[in-house]
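What follows is the residue order along each chain.
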Amino acid sequence: MSQIQKSLQPPTGPPPEPAPPSAAAPRRKAADTAWRGDLSASAVIFLLAVPLSLGIALATGAPLQSGLVASAVGGIVAGLLGGAPLQVTGAATGLLVVTADLVQRYGWRATCLITVLAGLAQLALGALRVARAALAVSPAIVHGMLAGIGVTIAIGQLHVVLGGRPDSSAVDNAAALPGQLAHPHTSALLIGAVTVAVLAGWPRLPGRAGRRARLLPAPLAAVLAATAVGTGTAVPRVELPSWRLPEPPVLPDAPLAALATAVLTVTLVASMESLLSAVAVERLAAERTGTPPGRSRLNRELAGQGLANVVSGLLGGLPVSGGAIRGSASVRAGATTRRATVLHGVWVLLCAGLLAGVLELIPLAALAALVMVVGVRMVSFAHLRHVQRHREFPVYAATSGAVVLLGVLPGVLTGIAVGIFLALRRLTHTRIQVTEESGRHRVRVSGQLTFLAVPRLTRGLAQVPPGADAVVELCGSFMDHAAYEALRSWAATHRAAGGSVALGGRSGRPLAEPVSAHSCRPWTPWRNQHCTRPAADRTAAHRSGGQLLGGVSAFQRHTAPLVREELARLAREGQRPTQLFLTCADSRLVTSMITSSGPGDLFTVRNVGNLMPPPGSDASCDSVAAAIEYAVEVLRVESITVCGHSGCGAMAALLDAAGSPPPSDEATPLARWLRHGRPSLARMARIGRLGRGEVAFAERPVADDQERLALVNVRQQLDHLRAHPCVARRMAEGTLTLHGMYFHVAEAQAYLLDERSGRFRAVRADVSAVGV
């Protein structure tokens, strides 16, 4: 008997008690690893934040130390109190243009007061729990705003790189650019060019030496190179005043409406940038292997950002917000908790107090070039393509153009207005065509049928002669009551005059088709799918044979026209699933339903009890092992999920047979197959004797022994999978991951296994990806 088979046999005696130190050692090791990751990440963020915060302060016209104050306060205050653990807060890039305008218009101390008031507004918004609602703003408006800000930043800082001074208006800066290009400052231009070249080439350094060099953040490497090139040249450099108590903010000499507009603008931009960055950083962290980060609490994050802005404004710092640049750098550097953000703020604070002399060696042209590149990167072509694909480019273009020409808040309002106009236009734009084909009149309605389109609809229907055969095709997705009544009234009148009327939708399904035979809602991404549950008055013979045939017929009628192109592509290219799903053959477990998957997404293996016979089982069990080998070696799937479920008949049969002798060779095929579930039964018994909570739900207690055995069985079958050589090899290479899942049928709730704790956690409805 092989070692694996021996290890799966039920124990014959009480097992030895586990040693407590061995259980604590992995926890200590994990804690040490987390500390090292956070410490390393904090150093990376610090090296990135110092030049970036100095560059933002320079671009706004604020005191240079205000950028360092903002980074320190953002790291410590927002890091400790915010709701996004891996978010890194610092001087707000998206507020650069707004802050520069405020400094020039009202002065620095008044700008600090506006920052404080904006922070108080963010605290109020966080208390009102509106953070999730803020994410409902169209992505076209948000990306258009950032693109407009990026263009304004890039044009303004290009003047500094050329040795000049920027104006407050992007239009004026663009108009003065030809003259500035004709007479550049040679040394400043050289320093700026070196900065840009290092920023662009640093991530592309080849070889092992390049990988080691890339441990140093590109902005820091660019600033160091530019400082070295500028040594001995007469160019403006960083000047940090001696540290003293900050002067209190003052009320700006401005009308109340202007002050309210300034506070609203800072609040809006800082909040949107922080919330979007928090979501982006959370998604980036979820893609890493290992323990996933905690879910971001956006209302708490908004309140933390507000408190950080209040403190930053009182201490003479720039407005702060969370930044995707700093946050993504933190995640990629290995940050696991909020310690990384807090430590980076501490390092910035120590640097400002101890290394002021070193910072004063940096040429201003290097910082200007760094900020200019940041502005250029805010114009994302990936976002542009995404917006274009969703037909929202007019909103994007209007927002970005208005931000450049008019400012941030007018630009956002312009984008909202254009978005509303386009939505109304799509809602009211209806096209009606009347054609005659072989004696039959076809009325094709494209667009949404609302009461506004009723006059055009009745004019089109009036072109159909009385008594003629008519086909009305409705190609939109919405029809209100007024349009429905107009269409129904015309159809009744036309039929009364001796004509015929056929009403159909985009897929050709008659609108008058009875719904009694198709009563379920669609559950997959493929539209117009329907269940085929027969009506109650049908005969048993019809139910037994007609349900399947009815389903196939419904597929051909509704779904096939929609998926034919995709299936044709899969037929040409072959299947390329990334996931293998091993689950029970129970008819209530519909894999496409609970995974929202379609053709080509999952390679599915189903059997009684979702069992995975271990290596060395008899040849009659090779079917499942062959499927696993094919998926792992040929299809090269990236993950395998074992899914159990509630009310499993196989688990009930195992519990009923507990204590009985192993099945003999004369047993039924079902009994011989269920012997592969006996290790799960023995494992559950072993857990009960030792009093361990090896399997449990995170949110609720386990209902009964049948549910407990189903959970244990998922873990046991995962162990059987790991014993297969092809799976073990791929896991060792880091190219294959295993997951456990449990689906409660009555609750329609899926649970994912966290193998470190042995707990099954409920999948939340607001999580878009769970890594399975």
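Our subject in this report is the structure included herewith. Treat the numbers as computed from the prediction; the structure is a model and nothing was measured.

1. What to know about the overall build of the protein
- Within the protein one finds 30 helices and 13 strands.
- Contacts in the protein between residues at least 24 apart in sequence constitute 74% of all its contacts with a sequence separation of at least 6.
- As displayed, the protein has an accessible area near 38200 Å², and 60% of this comes from carbon and sulfur atoms.

2. What to know about empty space enclosed by the protein
- Per the stated rule, a full pass over the model turns up two cavities of 30 Å³ or more.
- Taken as a whole, the second largest cavity holds about 30 Å³ of empty space.
- As for the second largest cavity, its lining consists of I56, T60, A92, L95, L96, T99, L318 and P319.
- Mapped onto the lining of the second largest cavity, the elements with two or more residues apiece are α2 (20-60) and α4 (96-106).
- Across the lining of the second largest cavity, the residue classes tally to six nonpolar, two polar and no charged.

3. Some words on the packing of helix α26 (residues 649-656) against helix α29 (residues 705-723)
- As a packed pair, α26 and α29 sit with axes 9 Å apart at the nearest point and diverge in direction by 110 degrees. When the axes of α26 and α29 are compared, the pair comes out roughly perpendicular. On α29, the residues touching M651, A652, L654 and L655 of α26 are D705, Q706, L709, A710 and N713.

4. Some details on the nonpolar core
- If you look at the biggest cluster of nonpolar residues, it comprises 73 residues, and the most contacted ones within it are V50, L54, L68, I114, L318, L359 and V408.
- Among the elements that take part in this core, helix α3 (residues 64-81) stands out by supplying eight residues, more than any other.
- Other than its neighbours up to four places away in sequence, V50 contacts L68, V348, C351 and L359.
- By size, the runner-up hydrophobic cluster in this structure holds 52 residues, among which are M612, I640, L654 and V712.

5. So, the side chain of S66
- When you line up the elements, S66 lands in helix α3.
- Taking the relative accessible area as the measure of exposure, S66 reaches 0% and is therefore buried.
- Of the polar contacts made by the side chain of S66, one reaches the backbone oxygen of P63; its length is 2.5 Å.
- Not counting residues within four places of it along the chain, the set of residues in contact with S66 comprises A57, W108, G316, G317 and L318.

6. Considering the pattern of salt bridges
- On inspection of all chains with the given rule, the structure shows 16 salt bridges.
- For R636, the salt bridge is made with E633, and the minimal N-O distance between the two is 4.0 Å.
- The partly exposed category is assigned to E633, whose relative accessible area is 28%.
- A salt bridge links R708 to D705; its shortest N-O distance comes to 3.1 Å. A residue pair is termed a helical-turn pair when its members lie 3 or 4 positions apart in one helix, as R708 and D705 do in helix α29 at three residues.
- On the basis of relative accessibility, which here comes to 29%, the residue R708 falls in the partly exposed class.
- Given the relative accessible area of 43%, D705 is considered partly exposed.
- The network of salt bridges with shared partners includes R683, D719, R722 and E755.

7. Side note on the sheet that holds strand β12 (residues 749-754)
- Across the sheet, seven strands lie side by side as β8-β7-β9-β11-β12-β13-β10; this open sheet has mixed pairing. Single-partner strands in this sheet number two, and they are β8 (602-607) and β10 (696-697).
- Of the strand pairs in this sheet, strand β7 (residues 579-584) and strand β9 (residues 639-645) are connected by five bridges, and their pairing is parallel. Across the sheet, the residue bridging to F581 is T641, located in β9.
- Helix α25 (residues 622-634) rests against β7, β8 and β9 of the sheet, and its axis sits at about 170 degrees to β8.
- Where α29 meets the sheet, it contacts β9, β10, β11 (737-744), β12 and β13 (759-762), and its direction lies at approximately 160 degrees from that of β11.

What counts, and at which threshold
- Residues numbered from 1 in each chain as written.
- Predicted model: local features only at pLDDT ≥ 70, side-chain atom pairs only at ≥ 80, totals over all residues.
- Heavy atoms only, no water.
- Helix = DSSP H or I, 4+ residues; strand = E, 2+ residues; numbered from the N terminus.
- Contact = heavy atoms within 4.5 Å.
- Areas by Shrake-Rupley, 256 points an atom, 1.4 Å probe, with all protein chains shown as cover.
- 1 Å grid on protein atoms, 1.4 Å probe; cavity = no way out; pocket = protein on both sides within 12 Å on 5 of 7 lines; lining within 4 Å.
- Points joined across faces, edges and corners; volume = space filled by probe spheres on them.
- Nonpolar A, V, L, I, M, F, W, Y, C, P; charged D, E, K, R; others polar.
- Axes fitted to C-alpha atoms, helices over the stretch in contact; angles between N-to-C directions.
- Parallel < 35°, antiparallel > 145°, perpendicular 65-115°, else oblique.
- Core = buried A, V, L, I, M, F, W, Y, C linked by side-chain atoms within 4.5 Å.
- Buried < 20%, exposed > 50% of the residue type's maximum accessible area, 1.4 Å probe, protein only.
- Polar contact = N/O pair within 3.5 Å; in protein donor to acceptor, adjacent residues only side chain to side chain.
- Salt bridge = Lys/Arg side-chain N within 4 Å of Asp/Glu carboxyl O.
- Pairing = 2+ DSSP bridges.

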